[in-house]
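The residues making up each chain are set out below.
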Amino acid sequence: MADKIIYMDNAATTPVRPEVLAAMLPYFTEKFGNPSSIYSISAENKNAITTAREMIAGTIGTTAENIYFTAGGSESDNWALKATAEAYVGKGKHIITTKIEHHAVLHTCEYLEKHGFEVTYLDVDENGMVDLKQLEAAIRPDTILISVMFANNEIGTVEPIEKIGAIANEHGVLFHTDAVQAYTKENIDVEAMHIDMLSASGHKIGGPKGVGFLYIRKGVKIRSLIHGGAQERRRRAGTENVTGIIGLAKAAELAILDQKEITEKEKKIRDHLIARIEKEIPYARLNGDREKRLANNVNFSFRFIEGESMLIMLDGKGICASSGSACTSGSLDPSHVLLAIGLAHEIAHGSLRLTISDKTTQEEADFVVDSLKEIVEKLRNMSPLYEDFIKNSK
Amino acid sequence: MYSEKVMDHFQNPRNVGEIEEASGVGTVGNAKCGDIMRMYLDIDDNQVIRDCKFKTFGCGAAVATSSMATELVKGKTVNEALKITNQAIMEALDGLPPVKVHCSLLAEEAIHAALWDYAEKNGIKIDGLAKPKADIGEEEEEEEY
């Protein structure tokens, strides 16, 4: 084990901020009351949830009654898709999404296909951007939902959400966006962007795991996810995850408060990483859009080498990162996102994602690039693909 | 997830490299699936494997199984090398996670492919050796991005 850990996997999860933990702690012990009970300690918790709901609503330009707390991003995505499908089946059975969505959306779509729904999976360009013309052309009279992610979790590309929302609105089709990676990082206004449903998660923004929310525009018919008590206006029963909700709201509050500063810091380190890798490591390709890109995302493919090997060697130096190689996905195919942007299989296998935070220093970034140079060279020297490439180019 | 031995063979792989004018060279696997192994054998007139080197594109287990395979074949006769199974390679590494068992099969195939090449070059037949299935050189074109 290396002495010092350099964590560059903030798109996977983030540590809970100390202020967030401090806000949560009392709700485990002295403020333990069930928010649905009548006595005063419970009323206090109910108020705390109301305040949290208002806080969250404010971060996306809506009001508290449109925020539904869930157990996280995957649940929110599942709910948005399945419950809309069920509620709008009378209008039609067609859904439009993209090839680069998170599995929480893609596998839910596959489930719906097995239950008689038809799904159009839109292509993306080489930078992962959705083609608006293709999107508009895919809309049919029986289309009930368009689901396009706000920003991609692997390659960081930020989609033209406002334009997609306008198209959906013009055609009278509901629009859901998985904003798990973008929430508190990109400016979100559900009114201006015509977003009808939005998924977000706590642990990507310095909050706890196991909590998230789904924004549902008032008037959208959507079926209950969990039947039981009257929590979440009867749409998602079960005693509230009070500590989680308090933590989520605190994390969102802090992230929005510091948004400008965080973004500027991250962009500086991100661009430094990209510039150094492009300059110093040959046969590397930046994945994702160069401009319309999350401030914390760096994703490269290094030819002739495989991602898991890179990750283990980086781990040996105390660096935490991720890859889209098959070996890390548990299947034979590399990441669906990298294939969708047109990468050949063997190049997709050699991808590396570094997702930084505002705490990442330039020294850490430099150490990562220095380590990466050494590792890529070492792995290329044992790669038969590199050997062939060098021989053929002589 | 990997045993200490696997980590050792991944981080300090034995016998990485090429052999100029090798007696036999075999390449197996497929870049599409993320594993390619190439094995070089130097075999003397008594059919004893004097030296063995490898190059591998693949995950930690792919590198470690290749490394272990080279160690196991060194000093063996051609017939002894042919009997090295993926099971033996795995045991020598103190086991592999279930999803990585195919890496050990690939290492076994790499030995066979190199032996096949040796047999072809020298016009000899090795009992019990069948033509290996895949040589990426024949079927996979290098793709550009």
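Coordinates for the structure precede this section.
Since we're looking at a predicted model, the values are computed, not measured.

The rules behind the values
- Residues numbered from 1 in each chain as written.
- Chains lettered and ligands numbered in written order.
- Predicted model: local features only at pLDDT ≥ 70, side-chain atom pairs only at ≥ 80, totals over all residues.
- Helix = DSSP H or I, 4+ residues; strand = E, 2+ residues; numbered from the N terminus.
- Buried ≥ 20, exposed ≤ 12 C-beta atoms within 10 Å, placed from the backbone.
- Contact = placed C-beta atoms within 7 Å.
- Pairing = 2+ DSSP bridges.
- Axes fitted to C-alpha atoms, helices over the stretch in contact; angles between N-to-C directions.
- Expected span 1.5 Å × (residues − 1).

1. Focus on the environment of Ile256 of chain A
Residue and element names in this part refer to chain A. Following the sequence through the fold, Ile256 ends up in helix H7 (residues 242-257). Taking the C-beta count within 10 Å as the criterion, Ile256 has 21 such neighbours and is therefore assigned buried. For the pair Ile256 and Gly219, spaced 37 residues apart in the sequence, the C-alpha separation amounts to 27 Å. Apart from the residues lying within four places of it in its own chain, the contact partners of Ile256 are Thr59 and Thr184.

2. Some details on the sheet that holds strand S5 (residues 143-147) of chain A
Residue and element names in this part refer to chain A. If you trace the 7 strands from one edge of the open sheet to the other, you get S2-S8-S7-S6-S5-S3-S4, paired in mixed fashion. Each edge of the open sheet carries a strand with a single partner, namely strand S2 (67-70) and strand S4 (118-122). Taking each pair of neighbouring strands and ignoring which way they run, the sheet shows an average axis angle of 20°. By the bridge criterion, 5 bridges tie strand S7 (residues 197-201) to strand S8 (residues 212-216) in an arrangement that is antiparallel. Within S8, the position partnered with Ala200 by the bridge is Phe213.

3. As for H7 of chain A
Across its 16 residues, H7 of chain A extends 22 Å between first and last C-alpha, which sits within 8% of the 22 Å expected from 1.5 Å per residue. The buried count for H7 of chain A comes to 13 of 16 residues, which makes it a mostly enclosed element.

4. Examining the sheet that holds strand S9 (residues 284-286) of chain A
Residues and elements named next belong to chain A. If you walk across this open sheet you meet the 3 strands as S9-S10-S12, and the pairing is antiparallel. Where the open sheet ends on each side, the last strands, each with one partner, are S9 and strand S12 (351-355). Pairs of neighbouring strands in the sheet enclose a mean axial angle of 25°, with direction left out of account. Examined bridge by bridge, strand S10 (residues 297-302) and S12 share 5 bridges and lie antiparallel to one another. Within the sheet, the bridge partner assigned to Asn297 lies in S12 and is Thr355. The sheet strands contacting helix H8 (residues 259-280) are S9, S10 and S12, and the helix crosses S10 at an angle near 15°.

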